[in-house]
Amino acid sequence: MTTLPGLSTERRPPLWAALLIAIVPVVAASLLGSAATVPQIAGWYAGLAKPPFNPPNWIFAPVWTALFALMALAVFRILRVPVGQPGRRRALLAYHLQLLLNVAWSFAFFGANSPLAGLAVILPLLAAILATIAAFRPLDRRASNLLWPYLAWVGFATLLNASIWWLNR
């Protein structure tokens, strides 16, 4: 394996830095997504026709809290992989892209009051989550596996989003 001069493949960010880099973007995504979502729940979202499998509103907060915690733990594990490890940078880029798409979905679906815009964002989000899982796998199998519940929930959310669009078109 070759490395850049002066860059050791064993160099890792300090523990505190890895924790901050893992937690701060997830908290920011959660807060931004909530800012777009929460004001729309009682009004616009409540007025939409929904499929019979639509979960009760109270379930979303604990599910997303657990999923964001799993995402933070997964990326923390990747951040602890040595800096020069092949694939590390790509894995972190994939992770942060999917996190950005996650926030974008809240603004598309809830912020723009548009299930169609939500579909336009959630489909690339699914692909980005799969790419992140694949990029994490060779670096840390456990980190990769921590993202499967997230993929499953976003897959369910895609079905729910599509159903809401169909019922309200």
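Please refer to the structure placed before this passage.
To start, this report covers the structure provided alongside it.

Parameters at a glance
Each residue is numbered by its place in its chain's sequence as written, counting from 1. Two thresholds apply to this predicted model, a pLDDT of at least 70 for residue-level local features and 80 or more for giving and counting side-chain atom pairs, whereas whole-chain, interface and lining totals are computed over all residues. The side-chain values count all of the structure's non-hydrogen atoms but skip hydrogen atoms and water molecules. Axis definition: a line fitted to C-alpha atoms, over the contacting stretch in the case of helices. Angles run 0 to 180 degrees between N-to-C directions. By the criteria applied, helices consist of DSSP H or I runs no shorter than four residues and strands consist of E runs no shorter than two, each listed in order from the N terminus. Relative orientations are named as follows: roughly parallel for angles under 35 degrees, roughly antiparallel for angles over 145 degrees, roughly perpendicular for angles from 65 to 115 degrees, and oblique for any other angle. Each crossing gets its hand from how the near helix is turned against the far one by less than a right angle, where anticlockwise is left-handed and clockwise is right-handed. By the convention used here, residues are in contact when the closest approach between their heavy atoms is within 4.5 Å. Only Asp, Glu, Lys and Arg are considered charged, only Ala, Val, Leu, Ile, Met, Phe, Trp, Tyr, Cys and Pro nonpolar, and every remaining residue, Gly among them, polar. Residues form patches when they are more than 30% accessible in relative terms and have no salt bridge. Like charges link within 9 Å. Nonpolar side chains (Val, Leu, Ile, Met, Phe, Trp, Tyr) link within 5 Å. In this description, accessible areas are obtained by the Shrake-Rupley approach with a 1.4 Å probe, and a residue is regarded as covered only by the protein chains that are shown. The salt bridge criterion pairs a side-chain nitrogen of Lys or Arg with a carboxyl oxygen of Asp or Glu, the two atoms within 4 Å. Using a 1.4 Å probe on the protein chains alone, a residue whose accessible area is under 20% of its type maximum counts as buried, one over 50% counts as exposed, and one in between counts as partly exposed. Centres within 6.5 Å make a pair out of two Phe, Tyr or Trp rings, where for Trp the six-membered ring is used; the pair is then stacked when the planes are under 30 degrees apart, edge-to-face when over 60, and tilted otherwise. Placement of a charge over a ring requires the Lys NZ or Arg CZ to be within 6 Å of the ring centre, with the centre-to-atom vector within 35 degrees of the ring normal.

1. Overview of the packing of helix α2 (residues 60-79) against helix α6 (residues 148-167)
Where α2 contacts α6, the two axes come as close as 9 Å, and the packing angle between them is 140°. If you check the angle between α2 and α6, you find them oblique. Our pair here, α2 against α6, has a crossing hand that is left-handed. Residues Phe60, Val63, Trp64, Leu67, Leu70 and Met71 of α2 touch α6, and the partners they reach there are Pro149, Tyr150, Trp153, Val154 and Leu160. Here the residues of the contact of α2 with α6 sort into 11 nonpolar, no polar and no charged.

2. A look at a nonpolar patch on the surface
There is a patch of nonpolar side chains on the surface, built from Leu15, Leu19, Ile23, Val27 and Leu31 and spanning about 440 Å² of accessible area. Mapped onto the fold, Val27 is located in helix α1 (residues 15-45).

3. Details of the pattern of salt bridges
The full count for this structure, using the stated rule, is 1 salt bridge. Ionic pairing is found between Asp140 and Arg77, a salt bridge with its closest N-O pair at 2.9 Å. On the criterion of sequence distance, the pair formed by Asp140 in the loop between α4 (115-136) and α5 (141-145) and Arg77 in helix α2 is long-range, its members being 63 residues apart. On the basis of relative accessible area, Asp140 is assigned to the buried category, the value being 12%.

4. Looking at the packing of aromatic side chains
For the structure shown, the criterion picks out 14 aromatic pairs. Arranged with centres 6.1 Å apart and planes meeting at 75°, the rings of Trp64 and Tyr150 form a pair that is edge-to-face. Linking Trp64 in helix α2 with Tyr150 in helix α6, this pair joins segments that are 86 residues apart in sequence. Its relative accessible area of 1% is what places Tyr150 among the buried residues. Put simply, the rings of Trp44, Tyr45, Trp105, Phe109 and Phe110 pair up and form one aromatic cluster. Sitting over the ring of Tyr45, Lys50 keeps its end group 4.5 Å from the ring centre. Taking NZ or CZ as reference, Arg169 lies 3.3 Å from the ring centre of Trp166, over its face.

Distances and angles like these do not, on their own, reveal function.
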